[in-house]
Amino acid sequence: MTEGLFRDGDLIRVIAQEGALIAAGGAASLLQTAHPKVAQGVYDHSYTADDPLRRLRNTMGWLYTVQFGTREEAETLSALVTKGHEAITGPGYEANDPELQVWVASTLFAVATQFYQLLFRRTFTEAELAEFYGQSKVYATILGCPEERMPGTYREFRAYYADMLNGLEISDASRAIAARVLRPKLPGGPLHAPGLMAIRLLTAGLTPPPIREQYGWKWDAGRERRFRLLIAALALVYPRLPVRVRTLPREYYLHSTRQTLAKMKRKPAIGVRS
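None of the values given here were measured: they were computed from a predicted structure.

A.B. asks: Sorry, what's going on with the overall build of the protein chain here?
C.D. replies: On a plain count of helices and strands, the protein chain comes out with 15 helices and two strands. Radius of gyration (C-alpha) of the protein chain: 18 Å, near the 19 Å computed for a compact globule of 274 residues. Each principal axis of the C-alpha atoms in the protein chain carries an extent, and together these give about 55 × 45 × 45 Å. Looking at the 274 residues of the protein chain, the share that counts as buried comes to 47%. A sequence separation of at least 24 residues applies to 78% of the contacts in the protein chain between residues at least 6 apart.

Set out below in structure tokens:
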């Protein structure tokens, strides 16, 4: 996998290959929709509530293609996403607004960094954080966001992110989306209850307190303790799994996305909804 935007060994690939990061997707998603403009766009246009598995497939397919696909695959799929986002507009928001692209990219970087370090009991150096942050800018720039709109350095990112966390005022749309994300309609119904309970705990634990409090999620010493126990269990078991098992989600979603791109080459392009 050396013909893409990144090389093997780049931190973005080292971190993103871990399928367990999908479990932290709820925290990233609800941080994104803590921004009222992002929330309103998702509330008005997204199919997440009706088909959460399809939404997950499309999101992970795009991420893995950008991280591990060829340059052509990454740019082709991202152009389709950008085209689809042109229709996601409403009073006060546009999906292709660089302000929103910067925020979404920032949450992807922040949550992946936080969860990976917890999962592997590793503390990144500032140089590593700077490297990973610089690579993570691609989540915005490949969708058309001018790079100069992103915080230039990792230290500048930290200041921006802290200001956002302390300044965002989540909306009713944010809360409605959170209810859908945390209690999705999945095939099998009650069979997913234990797993979803763990995901809700993980999501709340990974969400910074200023945002968690606005969502109104209960957080006390007991939940903090359960969160730490969950992280400890994951950190004990997950890193010991074979790499080929840990990277199965990447292989699955990347293969599925490549099949879709191959089909698109054989027929007129179609829009991609958020």
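A.B. asks: What am I meant to see in the nonpolar core here?
C.D. replies: Soluble globular proteins tend to bury their nonpolar side chains together. If you look at the biggest cluster of nonpolar residues, it comprises 75 residues, and the most contacted ones within it are Trp62 and Phe115. Each residue touching Trp62, except ones within four places of it in the same chain, is listed here: Leu77, Ser78, Val81, Tyr139, Ile142 and Leu143.

A.B. asks: In this structure, what is going on with the pattern of salt bridges? I would like to understand it.
C.D. replies: When the charged atoms of two side chains lie near each other, side chains of opposite charge can form a pair. Counted according to the given criterion, the structure contains 14 salt bridges. Lys37 is the salt-bridge partner of Glu99, the closest N and O atoms lying 3.4 Å from each other. With a gap of 62 residues between them, Glu99 in helix H6 (residues 98-120) and Lys37 in helix H3 (residues 36-45) connect regions that are remote in the sequence. Residue Glu99 is classed as partly exposed on the basis of its relative accessible area, which comes to 32%. The closest approach of N and O atoms between Glu251 and Arg250, which form a salt bridge, is 2.7 Å. Residue class for Arg250 comes out buried when judged on its relative accessible area of 11%.

A.B. asks: What exactly am I supposed to notice about the layout of surface pockets here?
C.D. replies: Empty space among the atoms can be located by rolling a probe the size of a water molecule over them. By volume, the second largest pocket is sized at about 300 Å³. With seven residues, helix H11 (residues 193-206) is the largest single contributor of residues to the lining of the second largest pocket. Of the residues contributing to the lining of the second largest pocket, the split by class is nine nonpolar, one polar and five charged.

A.B. asks: It is not clear to me how the packing of aromatic side chains should be interpreted in this structure. Could you clarify?
C.D. replies: Centre distance and the angle of the planes are the two values used to describe a pair of aromatic rings. All told, the structure shown has 18 aromatic pairs when counted by the stated rule. Through pairs of rings, three or more aromatic residues link up here, namely Trp103, Phe109, Phe132, Tyr133, Tyr154, Phe157, Tyr160 and Tyr161.

Reading guide: rules and limits
The residue numbering used here restarts from 1 in each chain and proceeds along that chain's sequence as written. In keeping with the predicted nature of the model, local features appear solely for residues at pLDDT of at least 70, side-chain atom pairs appear and are counted solely at 80 or more, and the whole-chain, interface and lining totals rest on all residues. The basis for the side-chain values is all heavy atoms of the structure; hydrogens and waters are excluded. Only DSSP runs of H or I covering at least 4 residues are called helices, and only runs of E covering at least 2 are called strands; the numbering of each starts at the N terminus. All radius of gyration figures rest on C-alpha atoms, and the globule criterion is 2.2 Å times the number of residues raised to 0.38. Relative accessible area decides the class of each residue, using a 1.4 Å probe on protein chains only: under 20% of the type maximum gives buried, over 50% gives exposed, and in between gives partly exposed. Residues count as neighbours in contact if any of their non-hydrogen atoms are within 4.5 Å of one another. What we call a nonpolar core is a set of buried Ala, Val, Leu, Ile, Met, Phe, Trp, Tyr and Cys residues that are connected through their side-chain atoms within 4.5 Å. Only one rule defines a salt bridge in this text: a Lys or Arg side-chain nitrogen within 4 Å of an Asp or Glu carboxyl oxygen. Buriedness for pockets is judged along seven lines, at least five of which must meet protein on both sides within 12 Å for an open set on the 1 Å grid over protein atoms alone, while cavities are sets there where a 1.4 Å probe fits but cannot get out, and lining residues have an atom within 4 Å of a point. Grid points are joined across faces, edges and corners, and a volume is the space filled by probe spheres set on the points. We call Asp, Glu, Lys and Arg charged. Ala, Val, Leu, Ile, Met, Phe, Trp, Tyr, Cys and Pro are nonpolar, and the rest, Gly among them, are polar. Stacked, tilted and edge-to-face are the three classes assigned to paired rings of Phe, Tyr and Trp, where Trp is represented by its six-membered ring and a pair needs centres within 6.5 Å; plane angles under 30 degrees give stacked, over 60 edge-to-face, the rest tilted.

Interpretation note: all reported values are geometric properties and have no functional meaning in isolation.
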